[in-house]
Amino acid sequence: LGMLTDADQERFDRLRYVEVKHGRICQLAFLGQIVTRNGIHLPGPIDMAGDSFDSYPNGIAALFGDNAIPQAGLLQIVAFVGFLE
């Protein structure tokens, strides 16, 4: 494709590292979908109100809809992932 014709070895190694890292993240996301779709959830409450992990729906319904995760909780998740990145 000619995308790296002018790149040096350092640039190639960086792109390879990033590709492997993103592949691992995708694998974990897929595993998380499979596990929660089979009804396996973390024990205990997810918030101070006492809501349990299994009280929220799976998949995209956890972000949008009537029983969605509260916006403050979603913001905390996004901030944490950003911090890890």
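Conventions adopted
- Residues numbered from 1 in each chain as written.
- Predicted model: local features only at pLDDT ≥ 70, side-chain atom pairs only at ≥ 80, totals over all residues.
- Heavy atoms only, no water.
- Helix = DSSP H or I, 4+ residues; strand = E, 2+ residues; numbered from the N terminus.
- Rg over C-alpha atoms; globule rule 2.2 N^0.38 Å.
- Buried < 20%, exposed > 50% of the residue type's maximum accessible area, 1.4 Å probe, protein only.
- Contact = heavy atoms within 4.5 Å.
- Areas by Shrake-Rupley, 256 points an atom, 1.4 Å probe, with all protein chains shown as cover.
- Expected span 1.5 Å × (residues − 1).
- Patch = residues over 30% accessible without salt bridge, like charges linked within 9 Å, V, L, I, M, F, W, Y side chains within 5 Å.
- Salt bridge = Lys/Arg side-chain N within 4 Å of Asp/Glu carboxyl O.

Colleague: Please give an account of the overall build of the chain that cites residues and values.
Modeller: A tally of regular secondary structure across the chain gives 2 helices and 0 strands. Scaling as 2.2 N^0.38, a compact globule of 85 residues should have a C-alpha radius of gyration of about 12 Å, whereas the chain reaches 18 Å, well beyond that. With respect to the principal axes defined by its C-alpha atoms, the chain has extents near 55 × 25 × 25 Å. Across the 85 residues that make up the chain, the buried fraction comes to 5%. Expressed as a percentage of contacts within the chain between residues at least 6 apart in sequence, the contacts between residues at least 24 apart total 6%. Here the chain has roughly 7400 Å² of accessible surface; of this, 63% comes from carbon and sulfur atoms.

Colleague: Account for helix 1 (residues 9-37), with residues named and values stated.
Modeller: In this model helix 1 runs 42 Å from its N-terminal to its C-terminal C-alpha over 29 residues, within 8% of the 42 Å that 1.5 Å per residue would give. Of the residues trailing helix 1, Gly-39 is marked for its positive phi of about 90 degrees.

Colleague: With reference to specific residues and values, describe helix 2 (residues 71-84).
Modeller: The first and last C-alpha atoms of helix 2 sit 20 Å apart over 14 residues, in line with the 20 Å expected at 1.5 Å per residue. In terms of burial, helix 2 is largely open, as just 0 of its 14 residues are buried.

Colleague: Tell me about a nonpolar patch on the surface, residues and numbers included.
Modeller: On the surface, a cluster of nonpolar side chains totalling about 560 Å² of accessible area is made up of Leu-1, Met-3, Leu-4, Phe-12 and Leu-15. Along the polypeptide, Leu-1 turns up in the segment before helix 1.

Keep in mind these values describe shape, not function.
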